[in-house]
Amino acid sequence: MRKIIHIDMDAFFAAVEQRDNPALRGRPIAVGHSGRRGVVSTASYEARPYGVRSALPSAVAKRLCPELIFVEPRFDAYKAVSEQIRAIFHQYTDLVEPLSLDEAFLDVSHHRSATLVAQQIKEQIFNTTQLTASAGVSVNKMLAKIASDYRKPNGLFVIPPKDIDAFVAGLPIEKFFGIGEVTAAKIHRLGITTGADLREWSEQALVAQFGKVGHLYYGYARGEDNREVTPNRVRKSLGAEITFTYDVTNMEDLEYELSAVRNELWSRIRRHEFYGKTVVLKVKFGDFHQITRSKTLPHPVEEFSTLLSASEELLQSISLHDRTVRLIGLTLGNTPEPCTESIQLCFDFDC
Ligand code: TTP
Ligand code: MG
């Protein structure tokens, strides 16, 4: 049986800002651009009771919490902390799989007590960075990830094998890894609200309802997840898309929807430190006919404005001709390969 830890920093970007600027401590803050098109990257715990959270448009956040202080993101500072915490993880195991700047899975099966390791890592993170992290410990990725979220902030929660059944049975389905709001609503409509409800469905029935992910859900309901912790996963592209409830019929509305997709993609790009040179726009029409348009830039996208102009240009190259649109998506791909050069150098010197 594996021993898996999931570590996730608390209110990461906001916590770094509060650490570095005492005037922000204890105050409701949002990291993100406050302009008309801005979105909240994250909110401090003081801002969360107002409903301010990641991916919320900044204008809405201000309405919810008038005292909210907006802070411009400082990615270099977050990256530096991310490197510090990764170095700490690697003191305990080579099997570290970062999911984003602030979270990672660790396989610590070779340690006697995973709980003790999690405790030590939390302490070491705090001593090194003056920031808190939450940790979850269990026998697989899915349960460890749920556990790290369970006692946030500054939490440590363990789901030992004997508790898995009862824990999963009582868990609201939206807490399961990978089940977003839209899917949760769909599952709720079937009368399923907890793991126990989900467990009553056969694998076949779940696949019939949800397609391939039905297999995953069947496992989730039983606390099962066989995925390994894989270090250095290489991501080839990063994307975001929206399928509309009602088809969009004109260019103005489409531009508006594109800005939402772009904001989401940008926040993912930053979160995953992803670099890519090719922007791809995907449009699926009302008749399900799908087209893509792409633009390759001379350098990887580093600024929001680059993504903005490239995606707007791509949209302008499409004409609707009386067609409606049911889906719009934006992807960034074509990552430069940072390792090739050093590997080649290495071969040159025969090492
Ligand atoms: P999360 O770990 O999801 O959130 P968090 O660390 O701010 O808060 P929590 O205590 O709930 O873990 O994301 C880590 C960072 O990634 C977050 O601080 C900012 C960034 N981020 C975005 O930029 N956009 C997003 O939509 C999300 C979810 C996160
Ligand atoms: Mg976090």
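Predicted, not measured: the structure shown is a model, and the values here were computed from it. Once a new chain begins, its residue numbering starts again from 1 and follows that chain's sequence as written. Ligands are numbered from 1 and chains lettered from A, in the order in which they are written. Where totals are concerned, whole chains, interfaces and linings use all residues; where local detail is concerned, this predicted model gives features only for residues with pLDDT of at least 70, and gives and counts side-chain atom pairs only at 80 or more. Computation of side-chain values: all heavy atoms of the structure, hydrogens and water removed.

*Asks:* I keep staring at the domain arrangement of the protein chain and nothing clicks. Help me out?
*Replies:* Many analyses report the size of an interface as the accessible area lost when the parts associate. Annotation of the protein chain at the domain level lists domain 1 (4-8 + 92-220), domain 2 (12-75) and domain 3 (237-343). Throughout the structure description, domain borders are defined by an automatic or database domain assignment. With centres defined by C-alpha atoms, the gap from domain 1 to domain 3 works out at 30 Å.

*Asks:* Sorry if this is basic, but what is going on with the pattern of salt bridges here?
*Replies:* Whenever a carboxyl oxygen of Asp or Glu lies within 4 Å of a side-chain nitrogen of Lys or Arg, that contact is scored as a salt bridge. Applying the stated criterion across every chain, the model contains 19 salt bridges. The partner of Arg2 in a salt bridge is Glu228, and the shortest N-O contact between them spans 4.0 Å. Of this pair, Arg2 sits in the segment before strand E1 (4-9) while Glu228 is found in the loop between helix H10 (213-220) and strand E9 (237-248), placing the two residues 226 residues apart along the sequence. Note on exposure labels: buried denotes an accessible area under 20% of the residue type's maximum, exposed denotes more than 50%, and partly exposed covers the range between, all computed with a 1.4 Å probe on protein chains only. Assessed through its relative accessible area of 27%, Arg2 is described here as partly exposed. We classify Glu228 as exposed; its relative accessible area is 51%. Across the salt bridge formed by Glu313 and Lys295, the nearest N and O atoms sit 3.3 Å from each other. Of the two residues, Glu313 is situated in helix H12 (residues 304-316) and Lys295 in strand E11 (residues 290-296); the sequence distance between them amounts to 18 residues. Residues joined in a network through salt bridges with shared partners are Glu17, Arg19, Asp20 and Arg74. Secondary structure counts use DSSP, requiring at least four H or I residues in a row for a helix and at least two E residues in a row for a strand, with both numbered from the N terminus.

*Asks:* I would appreciate a short explanation of the site of ligand 1 in the present structure.
*Replies:* The environment of ligand 1 is made up of 15 residues, and the closest members are Ala11, Phe12, Thr42, Tyr45 and Arg48. Identification of polar contacts relies on pairs of N or O atoms within 3.5 Å, with a donor-acceptor requirement for protein atoms, meaning one able to donate a hydrogen and the other able to accept it, and with residues adjacent in sequence counted only if both atoms are side-chain atoms. At 3.4 Å, a backbone N or O of Ser41 approaches a nitrogen atom of ligand 1. Within the side chain of Asp102, a nitrogen or oxygen atom sits 3.0 Å from an oxygen atom of ligand 1. For the area figures, the Shrake-Rupley method with a 1.4 Å probe applies, and any residue is considered shielded solely by the protein chains shown. For ligand 1, whose unbound accessible area comes to 560 Å², protein coverage reaches 86%. Elements that contribute at least two residues to the shell around ligand 1 include exactly E1, helix H1 (12-20), strand E3 (40-43) and helix H11 (251-271). Residues of the shell around ligand 1, tallied by class, amount to five nonpolar, four polar and six charged. In this text, near means that some heavy atom of the residue lies within 4 Å of the molecule or strand in question. In this classification, the charged set is Asp, Glu, Lys and Arg, the nonpolar set is Ala, Val, Leu, Ile, Met, Phe, Trp, Tyr, Cys and Pro, and all remaining amino acids, among them Gly, are polar.

*Asks:* Just checking my understanding: could you explain the packing of helix H9 (residues 203-210) against H10 for this structure?
*Replies:* Pairs of packed helices are described in terms of their axes, by the angle between the two and the distance that separates them. Contact geometry for H9 and H10: axes closest at 7 Å, N-to-C directions at 135°. In terms of orientation, H9 and H10 fall into the oblique class. In the crossing of H9 with H10, the sense of the turn from one axis to the other is right-handed. Here H9 contributes Glu203, Leu206, Val207 and Phe210 to the contact with H10, which in turn contributes Val213, Gly214, His215, Tyr217 and Tyr218. Lines fitted to C-alpha atoms define the axes, with helix axes restricted to the stretch in contact, and inter-axis angles between N-to-C directions lie between 0 and 180 degrees. Angular relationships are summarised with four words: roughly parallel below 35 degrees, roughly antiparallel beyond 145, roughly perpendicular across 65 to 115, and oblique for the angles in between. Should the near helix be turned anticlockwise from the far one by less than a right angle, the crossing is left-handed, and should it be turned clockwise, the crossing is right-handed. Any two residues having at least one pair of non-hydrogen atoms within 4.5 Å are treated as being in contact.

*Asks:* Quick question: what am I supposed to make of the coordination of the magnesium ion (ligand 2) here?
*Replies:* Ideal geometry at a metal centre: 109.5 degrees between donors when four sit tetrahedrally, and 90 or 180 degrees when six sit octahedrally. Protein coordination at the magnesium ion (ligand 2) comes from Asp8 (OD), Met9 (O) and Asp102 (OD), with a distance range of 1.9 to 2.3 Å. Note: metal donors comprise N, O and S atoms at 2.8 Å or less from the metal (3.2 Å for Na, K and Ca); water molecules are not included, so apparent gaps in a site are possible. Every geometry call rests on angle ranges, with four donors termed tetrahedral when all angles are between 85 and 135 degrees, four termed square planar and six termed octahedral when opposite donors are over 155 degrees apart and all others are between 65 and 115, and everything else termed irregular. Taken together, the six donor atoms coordinating the magnesium ion (ligand 2) span angles of 80 to 178° at the metal, a pattern that classifies the geometry as octahedral. Along the chain, the residues donating to the magnesium ion (ligand 2) fall in the pattern D-M-x92-D. Here Asp102 lies in the loop between strand E5 (96-100) and strand E6 (103-107) and Met9 lies in strand E1, a separation of 93 residues in the sequence. Considered together, Met9 and Asp102 belong to a single accessibility category, that of buried residues.

*Asks:* Help me understand the sheet that holds strand E10 (residues 278-285) in this model?
*Replies:* Neighbouring strands of a sheet are bound in pairs by backbone hydrogen bonds; such pairs are parallel or else antiparallel. In this description, strands pair whenever DSSP reports at least two bridges between them. Ordered by their spatial adjacency, four strands build an open sheet running E9-E12-E10-E11, and the pairing between neighbours is antiparallel. Unpaired on one side and paired on the other, E9 and E11 mark the two borders of the sheet. Averaged over all pairs of adjacent strands, the angle between strand axes in this sheet comes to 15°, irrespective of strand direction. In terms of strand pairing, E10 meets strand E12 (residues 325-333) through eight bridges, oriented antiparallel. Along E12, the bridge assignment pairs Lys284 with Leu327. In the packing of H11 onto the sheet, the strands contacted are E9, E10 and E12, and the crossing angle to E9 comes to about 150°. Strands in contact with H12 are E10, E11 and E12; relative to E10, the strand with the most contacts, it is inclined by about 40°.

*Asks:* I would appreciate a short explanation of H1 in the present structure.
*Replies:* In an α-helix, one full turn covers 3.6 residues, which means residues spaced three or four apart are oriented alike. Where burial is concerned, most of H1 is hidden: seven out of the nine residues are buried. Phe12, Phe13, Ala14, Ala15, Val16, Glu17 and Gln18 are the residues of H1 that are buried. Buried residues belonging to H1 abut E1, strand E2 (29-32), E3, strand E4 (69-71) and helix H3 (75-90).

*Asks:* How do you make sense of the sheet that holds strand E7 (residues 133-138) when you look at a structure like this?
*Replies:* Across the sheet, five strands lie side by side as E5-E6-E1-E7-E8; this open sheet has mixed pairing. The strands lining the two open edges of the sheet, one partner per strand, are E5 and strand E8 (156-158). Along the sheet, successive strands turn relative to each other by an average axial angle of 15°, direction set aside. As paired strands, E1 and E7 are joined by six bridges and run antiparallel to one another. Paired with Met9 across the strands is Ala133, a residue of E7.

*Asks:* I tried to follow the packing of aromatic side chains on my own but got confused; where do I start?
*Replies:* Think of a pair of aromatic rings as described by two things: how far the centres are apart, and how the planes are tilted against each other in angle. Pairs were defined over the aromatic rings of Phe, Tyr and Trp, the Trp ring being its six-membered one, requiring ring centres within 6.5 Å. Orientation was assigned from the angle between planes: stacked under 30 degrees, edge-to-face over 60, tilted for the rest. What the rule picks out here adds up to twelve aromatic pairs. With a centroid separation of 4.1 Å and 10° between ring planes, the pair formed by Phe13 and Tyr78 is classed as stacked. Taken together, the residues Phe13 in helix H1 and Tyr78 in helix H3 connect sequence positions 65 residues apart. In this pair, the class of Phe13 matches that of Tyr78, namely buried. An angle of 70° between the planes, with centres 5.7 Å apart, marks the rings of Trp266 and Phe304 as edge-to-face. A residue pair is termed long-range when its members are at least 10 positions apart, and Trp266 in helix H11 and Phe304 in helix H12 qualify at 38 residues.

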